[in-house]
Amino acid sequence: KVAEVQTDPPTIPITKLYPNQNYPEGEIQQYPNDDTMKTKFNKDEIKRLEKQEIGFEGLNDMRRAAEVHRQVRRHAREFIKPGKTMTSIAESIENATRLLVEEKGFEAGIGFPTGLSLNHVAAHYTPNAGDNIVLKQEDVLKVDFGVHVNGRIVDSAFTMTFDSKYDKLLEAVRDATNTGVKAAGIDVRLCDIGEQIQEVMESYEIELNGKTYPIKSVRNLCGHNIAPYIIHSGKSVPIVKNNDTTRMEENEVFAIETFGSTGRGLVVEEGVCSHYAKSSSLTQQQINSIPLRVPRAKSLLGSITKNFGTLPFCRRYLDRLGEEKYLLGLKTLVDNGIVQDYPPLCDIPGSYVAQFEHTIVLRPGCKEVVSRGDDY
Ligand SMILES: O=S(=O)(c1cccs1)N(Cc1ccc(F)cc1)Cc1ncn[nH]1
Ligand SMILES: [Mn+2]
Ligand SMILES: [Mn+2]
Ligand SMILES: [Mn+2]
């Protein structure tokens, strides 16, 4: 029996909703420098390159992951309400993702921990075991979660508020992210994208509790390129003007994300860490050559390699695997550079940060915003 329509809450895997396995295309955009592109590739060259691109399989895998993302977030936007614990929110998103993507080893699953950063915390907060934080009416919540199919990660995020007083902040960031998505393209310089994002972001201001704040682009946060099983594979997309003349290249996948803040427009690593990922730059041989005097570190590394590979994970994912007494072992792996920690990234207390993020594919003939939905 082929199901036609998703249940609420969502329980039907996306493969069952698309029996022909052709998943919906994202938003197609032409490149900003399209005329020079035309001279670069003629029609049949584009045809040939479209075959190559990230391989039709790769693109189809991303589209399936993106459809999972859209259906999970549609439900998340209904059930995330003040009074719910961060833990219950994270688990609802993760359970729905596992169901819809049909989690199976490295073939399909969660792309990285469910980011639920609040207010002046911009990114990389997810609850650890025992976290009792409850969502409040005046919170500014960034929901940033990932879905992968065969390592093709869709990284997309949106901001939720329950008070219209923050509307201008969300409008600024949404406009800035869409500006970055539009500016992106083959051969486009990263610095030019950062400049355009900053110009739009900082053209906005917001009045909060009787005071007017200019909205600042958070200058030390950025978007990034994505490779199979590697959430950031080397290039950073700035959200302020800088001098990085590195260019985007065809067939690259980018997460375009912008952060607007009423605070300093600068984040620092602050608070208890929850997010980690095995370094993608060390070879197995290099790892083997590092003496690990803490026995637990070795067994923990085995579990991380087996269950996550280079995909980011959080402490709750270790807990659900039955790992115990792992904090010293984890610290040892971090101190030896085998595992990278990603602590919460915070502006000043009392400030508010908003985020929107899309994943785009720079196909030879067009740009595909795979994570675009009717919500953002
Ligand atoms: O800030 S990043 O570390 C980065 C940006 C540019 C170069 S590296 N980061 C990558 C990442 C790190 C850990 C994760 F669990 C998931 C992703 C961006 C990001 N965080 C959430 N969504 N997107
Ligand atoms: Mn629902
Ligand atoms: Mn993200
Ligand atoms: Mn990202």
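Residues numbered from 1 in each chain as written. Chains lettered and ligands numbered in written order. Predicted model: local features only at pLDDT ≥ 70, side-chain atom pairs only at ≥ 80, totals over all residues. Heavy atoms only, no water.

Participant: Outline the coordination of the manganese ion (ligand 3), supporting the account with residue identities and numerical values.
Facilitator: For the manganese ion (ligand 3), every protein donor is listed as Asp144 (OD), Asp144 (OD), Asp155 (OD) and Glu357 (OE), and the spread of their distances is 2.0 to 2.3 Å. Positions of the donor residues of the manganese ion (ligand 3) along the chain correspond to the pattern D-x10-D-x201-E. The distance between the manganese ion (ligand 3) and the manganese ion (ligand 4) comes to 3.3 Å, with Asp155 serving as a donor to both metals. Here Glu357 lies in strand β17 (residues 353-362) and Asp155 lies in strand β5 (residues 152-161), a separation of 202 residues in the sequence. Side by side, Asp155 and Glu357 carry an identical accessibility label, which is buried. (Donors = N, O, S within 2.8 Å, 3.2 Å for Na, K, Ca; no water. Helix = DSSP H or I, 4+ residues; strand = E, 2+ residues; numbered from the N terminus. Buried < 20%, exposed > 50% of the residue type's maximum accessible area, 1.4 Å probe, protein only.)

Participant: How would you explain the pairing of strand β4 (residues 140-149) if you had to name every residue and give the values?
Facilitator: Burial analysis of β4 places 10 of its 10 residues in the buried class, which makes it a mostly covered element. On β4, burial covers both faces: Val140, Lys142, Asp144, Gly146 and His148 on one face and Leu141, Val143, Phe145, Val147 and Val149 on the other are all buried. Note: strand β2 (residues 108-118) against β4, eight bridges, orientation antiparallel. Opposite Gly109, over in β4, you have His148 as the bridge partner. (Pairing = 2+ DSSP bridges.)

Participant: Just give me the short version of the site of ligand 1, but keep the residues and values in it.
Facilitator: Within the structure, ligand 1 sits among 16 residues, and His124, Asp144, Asp155, Glu257 and Pro312 are positioned closest to it. Residue His124 places a side-chain N or O atom 2.7 Å away from a nitrogen atom belonging to ligand 1. Asp155 has a polar side-chain atom sitting 3.1 Å from a nitrogen atom of ligand 1. Expressed as a share of its isolated accessible area of 480 Å², the protein-covered part of ligand 1 is 89%. Cavity membership is defined here by more than half of the atoms lying within 2 Å of grid points; on that basis ligand 1 lies in the largest pocket. Going through the elements one at a time, β2 and β9 (222-226) are the ones with two or more residues in the shell around ligand 1. Ranked by residues supplied to the shell around ligand 1, first place goes to β9 with three residues. A per-class count over the shell around ligand 1 returns six nonpolar, six polar and four charged. (Near = heavy atom within 4 Å. Polar contact = N/O pair within 3.5 Å; in protein donor to acceptor, adjacent residues only side chain to side chain. Areas by Shrake-Rupley, 256 points an atom, 1.4 Å probe, with all protein chains shown as cover. 1 Å grid on protein atoms, 1.4 Å probe; cavity = no way out; pocket = protein on both sides within 12 Å on 5 of 7 lines; lining within 4 Å. Sits in = over half its atoms within 2 Å of the grid points. Nonpolar A, V, L, I, M, F, W, Y, C, P; charged D, E, K, R; others polar.)

Participant: How would you explain the sheet that holds strand β16 (residues 345-346) if you had to name every residue and give the values?
Facilitator: Taken together, three strands build an open sheet; the order of strands is β3-β16-β12 and the sheet is antiparallel. With partners counted over all chains shown, the strands left at the sheet margins are β3 (121-123) and β12 (268-269), one partner each.

Participant: Break down the coordination of the manganese ion (ligand 4) for me, with residues and values.
Facilitator: In the first shell of the manganese ion (ligand 4), the protein supplies Asp155 (OD), His224 (NE2), Glu257 (OE) and Glu357 (OE), at 2.1 to 2.2 Å from the metal. Donor residues for the manganese ion (ligand 4) sit on one chain with the sequence pattern D-x68-H-x32-E-x99-E.

Participant: Which residues make up the packing of helix α9 (residues 295-307) against helix α11 (residues 327-335), and what values do they have?
Facilitator: α11 packs onto α9 with a crossing angle of 80° between their chain directions and a minimal axis gap of 8 Å. Relative to α11, the element α9 lies roughly perpendicular. Contacts between α9 and α11 pair Arg296, Ala297, Leu300, Leu301 and Ile304 from the former with Gly329, Leu330, Thr332 and Leu333 from the latter. Split into classes, the residues belonging to the contact of α9 with α11 amount to six nonpolar, two polar and one charged. (Axes fitted to C-alpha atoms, helices over the stretch in contact; angles between N-to-C directions. Parallel < 35°, antiparallel > 145°, perpendicular 65-115°, else oblique. Contact = heavy atoms within 4.5 Å.)

Participant: Quick rundown of empty space enclosed by the protein? Include the residues and the values.
Facilitator: Applying the stated rule across the entire model yields two cavities of 30 Å³ or more. Looking at the largest cavity, its volume works out to about 40 Å³. Lining of the largest cavity is provided by Arg174, Thr177, Asn178, Phe356, His358, Arg372 and Tyr376. With three residues, helix α6 (residues 167-183) is the single largest residue contributor to the lining of the largest cavity. Tallied by class, the residues present in the lining of the largest cavity amount to two nonpolar, three polar and two charged. Taken as a whole, the second largest cavity spans an internal volume of roughly 30 Å³. Around the second largest cavity, the lining residues are Ile93, Glu94, Thr97, Ile110, Phe112, Pro113, Thr114, Phe145 and Gly146. (Points joined across faces, edges and corners; volume = space filled by probe spheres on them.)

On their own, these measurements won't tell you what the molecule is for.
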